[in-house]
Amino acid sequence: MKGYADAHCDTAVKLFGRGEGLRRNGLHLDLERLSAFPGSLQVFALWLDPKYYPIALRQTMKYLTFYKSELERNKDLIRPVYTYEDLLKNQKEGRLSALLSLEGGEALEGETAVLEVFYELGVRMMTLTWNYRNQIADGVLDGETGGGLTPFGKRVIRKMEELGMAVDVSHLSDAGFYDVANMAKRPFLASHSNARAVCPHPRNLTDDQLRILKEIDGFVGLNFYPRFVAEKETVTQEDLLRQLYHLVEKAGEDHVGFGSDFDGIDTTPSDLRQVEDMAGFLARLEREFGRETAAKLRQENLTAALGRILK
Ligand SMILES: [Zn+2]
């Protein structure tokens, strides 16, 4: 089986405090099952439940320590990547790659100095907000206020670009998206968002936003969460493909990939319930899009986008 690249999962946080590890567990994703896809890249996001916002930095540090110890324990299966070269090397050797992301800038507690420390600790991507307003910007559920980036948020983006950290606009309000688009000097991405034209949910991107992601040579990762895929009770791979076709049409076949959201979602498509089901989905992708385009969607586009972003 070929490897793939996934721009978002919440597995590390979901495992925290459960007594199970990354190697083998009963969740959507573990390293033994991911090993069936050699050379794959998995982005691990550290998501914070809003109840932890008053202790955001401390709680994120606990997650980060757990994540690092899990990677150390499983270094025979997966290696952390900090640069594009690390990623290419792992792919070439058929080894799994892990890239660390923060989901929501709450953990910075309003200090760009904290961002620099996170970079030193290996963080290479950050979703600016979760669903609500924070020090950086407004999240999608506060979208009606029309708020975008704050002055601090702008400083954060400048610093992220300077460091070579991926700016992730998933969960960000529409106004925030355009603020990022207007000030960004480097490509940015939406790690786990779908097309609003196919499924009208505020977490999804408009056609105009997808056009901008194409224009700036960015990336958008297909989210598997049924509520973001289609307006139906049960969602299947068929519906994921409908999303993919639209994303490709608007963002271009060089800027689309996966952002599964595994272990961050309580329901999944009925025929894509966990990592091992990716085998069938990848085969389906190849039949639908042809070998060359399928390879881009499967792995090459996210890899290339990180090549444009990381330093
Ligand atoms: Zn998310």
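Residues numbered from 1 in each chain as written. Predicted model: local features only at pLDDT ≥ 70, side-chain atom pairs only at ≥ 80, totals over all residues. Heavy atoms only, no water.

Caption draft 1: Seen up close, the layout of surface pockets. One number sums up the size of the largest pocket: a volume of about 390 Å³. What lines the largest pocket is a set of 22 residues, and nearest its centre among them are Trp130, Asn131, His171, Asp261 and Gly264. Going through the elements one at a time, α1 (11-15) and α9 (226-229) are the ones with two or more residues in the lining of the largest pocket. Across the lining of the largest pocket, the residue classes break down as 9 nonpolar, 5 polar and 8 charged. (1 Å grid on protein atoms, 1.4 Å probe; cavity = no way out; pocket = protein on both sides within 12 Å on 5 of 7 lines; lining within 4 Å. Points joined across faces, edges and corners; volume = space filled by probe spheres on them. Helix = DSSP H or I, 4+ residues; strand = E, 2+ residues; numbered from the N terminus. Nonpolar A, V, L, I, M, F, W, Y, C, P; charged D, E, K, R; others polar.)

Caption draft 2: Seen up close, the packing of helix α5 (residues 112-120) against helix α6 (residues 151-163). Interhelical geometry of α5 versus α6 gives an angle of 30° and a closest axis separation of 10 Å. One way to sum up the angle between α5 and α6 is to call them roughly parallel. The way α5 lies across α6 gives a crossing that is right-handed. Two secondary-structure elements touch here, α5 through Thr112, Leu115, Glu116 and Tyr119 and α6 through Phe152, Arg155, Val156, Lys159, Met160 and Leu163. (Axes fitted to C-alpha atoms, helices over the stretch in contact; angles between N-to-C directions. Parallel < 35°, antiparallel > 145°, perpendicular 65-115°, else oblique. Left-handed = near helix turned anticlockwise from the far one by under 90°. Contact = heavy atoms within 4.5 Å.)

Caption draft 3: A look at the coordination of the zinc ion. Listed as protein donors to the zinc ion are Glu103 (OE), His171 (NE2) and His192 (NE2); their distances from the metal cover 2.0 to 2.2 Å. Linear spacing of the donor residues for the zinc ion on their chain is E-x67-H-x20-H. Separated by 21 residues along the polypeptide, His171 in the loop between β6 (166-168) and α7 (174-183) and His192 in the loop between β7 (189-190) and α8 (207-215) bring together distant segments of the chain. Assessed through its relative accessible area of 7%, His171 is described here as buried. On the accessibility criterion, His192 (0% relative accessible area) is buried. (Donors = N, O, S within 2.8 Å, 3.2 Å for Na, K, Ca; no water. Buried < 20%, exposed > 50% of the residue type's maximum accessible area, 1.4 Å probe, protein only.)

Caption draft 4: Representation of the side chain of Lys159. Its place among the elements puts Lys159 in helix α6. According to the relative accessible area criterion, Lys159 is buried, its value standing at 15%. Sequence-distant contacts of Lys159, defined by excluding residues within four places in its chain, comprise Leu115 and Glu116.

Caption draft 5: Structural detail: α8. All of the buried residues in α8 are Gln209, Leu210, Ile212 and Leu213. End-on, the buried residues of α8 take up no more than an arc of 155°, which puts them together on one face. For α8, the elements touching its buried residues are α7, β7, β8 (219-222) and α10 (237-251). One or two steps after α8, the chain reaches Asp217, where phi turns positive at roughly 65°. (Arc of directions from axis to C-beta.)

Caption draft 6: Molecular detail of the environment of Tyr63. By the element assignment, Tyr63 lies in helix α3 (residues 56-73). A residue is classified by how much of its surface remains accessible, and Tyr63, at 6% relative accessible area, is buried. The spatial distance from the C-alpha of Tyr63 to the C-alpha of Lys185 is 31 Å, given a sequence separation of 122 residues. Once you skip the residues sitting within four places of it in the chain, Tyr63 turns out to touch Val13, Phe16, Leu46, Trp47, Leu48 and Tyr52.

Caption draft 7: View of the packing of α7 against α8. Close contact between α7 and α8 brings their axes to 11 Å; oriented N to C, the two are set at 25°. It follows that α7 is roughly parallel to α8 by the angle criterion. Seen from above, α7 lies across α8 with left-handed handedness. For the pair formed by α7 and α8, the contact residues are Asp174, Phe177, Tyr178 and Ala181 on the first element and Asp208, Gln209, Ile212 and Leu213 on the second. The residue inventory of the contact of α7 with α8, partitioned by class, reads 5 nonpolar, 1 polar and 2 charged.

Caption draft 8: Representation of the packing of aromatic side chains. Under the counting rule described, the total for this entry stands at 15 aromatic pairs. Centre to centre, the rings of Trp130 and Tyr132 are 5.8 Å apart; their planes meet at 70°, and the pair counts as edge-to-face. Classification of Trp130 by relative accessible area gives buried; the value is 17%. Judged by centre distance (4.5 Å) and plane angle (25°), the rings of Tyr245 and Phe289 are stacked. Here the residue Tyr245 occupies a position in helix α10, and Phe289 occupies one in helix α11 (residues 278-289), the gap between them amounting to 44 residues. When its relative accessible area of 36% is taken as the criterion, Tyr245 is described as partly exposed. Taken together, Tyr4, Phe37, Phe224, Phe258, Phe262 and Phe281 form an aromatic cluster joined through their ring pairs. If you follow Arg124 out to its NZ or CZ, it ends over the ring of Tyr119, 3.6 Å from the centre. (Phe/Tyr/Trp six-rings, centres within 6.5 Å; stacked < 30°, edge-to-face > 60°. Lys NZ or Arg CZ within 6 Å of the ring centre and 35° of its normal.)

Caption draft 9: Looking closely at the pattern of salt bridges. Using the criterion set out here, one finds 26 salt bridges in the structure. One salt bridge connects Arg95 with Glu93, and the closest N-O pair in it is separated by 3.2 Å. Residue classification places Arg95 among the partly exposed residues on the basis of a relative accessible area of 22%. Among the ionic pairs, Lys159 bridges to Glu162, the shortest N-O distance being 3.2 Å. Highlighted residues: Lys159 and Glu162, both in helix α6, separated by 3 residues, approximately one helical turn. The structure contains a network of salt bridges with shared partners spanning Arg23, Arg24, Glu32 and Asp76. (Salt bridge = Lys/Arg side-chain N within 4 Å of Asp/Glu carboxyl O.)

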